[in-house]
Amino acid sequence: MARPCAVVGIGQTLYKRRRDLSLDGLVREAALRALDDANLTFADIDAIVLGKAPDALEGVIMPELSLADALGAVGKPIHRVHTAGSVGASTAISAAVLVESGRYDTVLTVTYEKQSEGNATWALSGGKSGGQGAGGTFAPWIREYIRRSNAPEHIGWTVAVKDRQNALKNPYAHLHLEDISVEKVRESPMLWDPLHFLESCPSSDGAAAMVLCSEDKVSRSPNPPAWVLGHAKRTEFSSFPGRDTVRPQAGVDCAIALYKDVGITNPRKQIDAAELYVPFSWYEPMWLEGHLIAEEGDGWKMTDEGATALTGDFPVNCSGGVLSSNPIGASGMIRCLEAANQVRGTAGDYQVDGARVALGHAYGGAAQYFAMWIVSSELQPRFD
């Protein structure tokens with residue numbers, strides 16, 4: 001049986017463009033904030049887990065070597081994780097497993113991306129001229145979702161406005177668009193039909209960090225812990241005959257495994273807040289269905305009726321989500337740590353009242369990699 005594991009420290013560094021801060025400084029600042037939150041120093045850390053998206057995004061190969069000093073990892077085990085855009089959540093889960101296994105008592109985990117020093121579109125298209133980028137890949141699948149579900153076109157605009165308004169409450173969000181509105185989203189340039197410019201994520205610089213520890217070390221922390229109740233990762237090939245790109249089976253299987261692990265039978269009723277990886281607005285309803293929170297064809301109805309708003313019965317992306325901050329390698333971990341913020345009661349102005357159980361989620365590649373965890377304010381919550 002796995003040892004209990006908890007998040008006791010959280011740190012972020014997010015900037016639109018931070019050319020005055022080196023890559024080393026970017027990750028170190030987030031790590032120091034997480035350590036300070038946990039009332040610890042680098043000397044208290046047993047191991048470091050580092051994650052990021054492809055090295056090609058900055059052109060720094062094996063960054064775990066060059067960043068070891070900045071992360072206090074000299075002479076300590078440093079583990080590297082990479083699972084495309086889902087890497088942030090996969091890294092958080094890897095750190096949790098190292099604690100749960102008994103191998104380490106206290107682990108620092110850090111993820112990052114410094115897109116101002118790279119070219120994500122070039123990297124994601126393999127360097128070929130005319131690369132379509134992530135949006136060009138996902139747009140046809142979004143269009144197919146709209147066809148299947150009969151969703152009205154304003155759903156994407158609604159998600160874009162909701163998440164950007166939530167971001168105004170989050171000092172770490174990249175985008176603070178004071179005048180965001182459905183009209184502005186609708187009138188913004190079309191990038192990839194049906195995605196408008198303001199329905200798409202930004203290109204961010206940033207880092208995220210967490211300190212995870214075993215149950216007997218939790219008492220050192222001055223703040224409430226977020227207990228890691230369960231986690232799951234699933235993968236499928238990016239292309240095979242009959243693959244459902246709208247509702248990938250790996251995503252369904254990941255959710256089933258996670259809910260079974262935790263003991264959740266009704267995710268919409270038993271989860272108080274969710275941070276879903278939504279780089280393009282239509283992925284909110286798509287993942288609500290793809291992860292069994294809504295019935296097929298009903299995800300967009302949850303968005304339309306306001307269920308996913310900060311004051312709704314299933315708040316999604318209260319922090320502003322990937323639509324407001326997207327340092328690719330860190331984006332998934334930000335979803336996990338923002339879920340932890342909710343159950344620790346440390347989310348500030350975007351705190352969900354009474355949040356006890358929260359979901360952190362990420363996907364990557366051609367919607368083929370999935371990583372999810374559930375955290376709680378209680379080590380053994382009851383699910384009635």
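Presented here is a report on the structure given in the accompanying data block. (Residues numbered from 1 in each chain as written. Predicted model: local features only at pLDDT ≥ 70, side-chain atom pairs only at ≥ 80, totals over all residues. Heavy atoms only, no water.)

## Observations concerning helix α6 (residues 154–167)
Note on helix geometry: an α-helix contains 3.6 residues per turn, so any two residues three or four positions apart are oriented the same way. Under the 1.5 Å per step criterion, the end-to-end length of α6 is 20 Å for 14 residues, consistent within 8% with the ideal 20 Å. Among the 14 residues that make up α6, eleven are buried, leaving the element largely enclosed by the rest of the structure. Along α6, the positions that sit buried rather than exposed are I155, G156, W157, V159, A160, V161, K162, D163, R164, N166 and A167. Close packing links the buried residues of α6 with α7 (182–187), β6 (195–196), α10 (283–290) and α11 (299–304). (Helix = DSSP H or I, 4+ residues; strand = E, 2+ residues; numbered from the N terminus. Expected span 1.5 Å × (residues − 1). Buried < 20%, exposed > 50% of the residue type's maximum accessible area, 1.4 Å probe, protein only. Contact = heavy atoms within 4.5 Å.)

## Side note on the nonpolar core
The biggest cluster of nonpolar side chains holds 117 residues, and the ones touching the most others in it are M210, L212, Y283, W373 and I374. Looking at which element gives the most residues to this core, the answer is helix α12 (residues 328–344), with nine residues. The next biggest cluster of nonpolar side chains, apart from the first, holds seven residues, and it includes A273, L310, A347 and Y350. (Core = buried A, V, L, I, M, F, W, Y, C linked by side-chain atoms within 4.5 Å.)

## Details of the packing of aromatic side chains
Counted under the stated rule, the structure contains twelve aromatic pairs. Ring plane angle 75° and centroid distance 5.5 Å describe the contact between F138 and Y283, whose orientation is recorded as edge-to-face. Residue F138 is located in helix α5 (residues 133–149), and its partner Y283 is located in helix α10; the two are separated by 145 residues in the primary sequence. There is no split in this pair, since F138 and Y283 are both buried. An aromatic cluster is present here, built from F138, W141, W192, Y277, F280, Y283, W287, Y363 and F370 joined pairwise through their rings. Over the ring of W141 we find R243, and its NZ or CZ is 5.9 Å from the ring centre. (Phe/Tyr/Trp six-rings, centres within 6.5 Å; stacked < 30°, edge-to-face > 60°. Lys NZ or Arg CZ within 6 Å of the ring centre and 35° of its normal.)

## What about the side chain of T91?
Mapped onto the elements of the fold, T91 is located in helix α3 (residues 87–100). Polar side-chain contacts of T91 include one of 2.6 Å to the backbone oxygen of V87. (Polar contact = N/O pair within 3.5 Å; in protein donor to acceptor, adjacent residues only side chain to side chain.)

## Quick look at the side chain of T111
Tracing the sequence through the fold places T111 in strand β4 (residues 106–114). Apart from the residues within four sequence positions on either side, T111 is in contact with G51, G88, T91, G206, A207, A208, G329, A330 and M333.

## Let's talk about the sheet that holds strand β3 (residues 78–81)
Strand pairing in a sheet relies on backbone hydrogen bonds, with the paired strands running either antiparallel or parallel. Here we have nine strands laid out as an open sheet, ordered β3-β2-β4-β7-β1-β8-β11-β10-β9, and mixed in their pairing. On the outer flanks of this sheet lie β3 and β9 (273–275), each paired with one strand and no other. Between one strand axis and the next, the sheet turns through 25° on average, direction left out of account. Bridge count for strand β1 (residues 5–15) against strand β8 (residues 226–235) is two bridges, and the pairing is antiparallel. Bridge pairing in β8 links A6 to W227. The sheet contacts of α12 involve β1, β2 (47–52), β4, β7 (205–214), β8, β9, β10 (357–364) and β11 (369–376), and relative to β1 the element is tilted by about 125°. (Pairing = 2+ DSSP bridges. Axes fitted to C-alpha atoms, helices over the stretch in contact; angles between N-to-C directions.)

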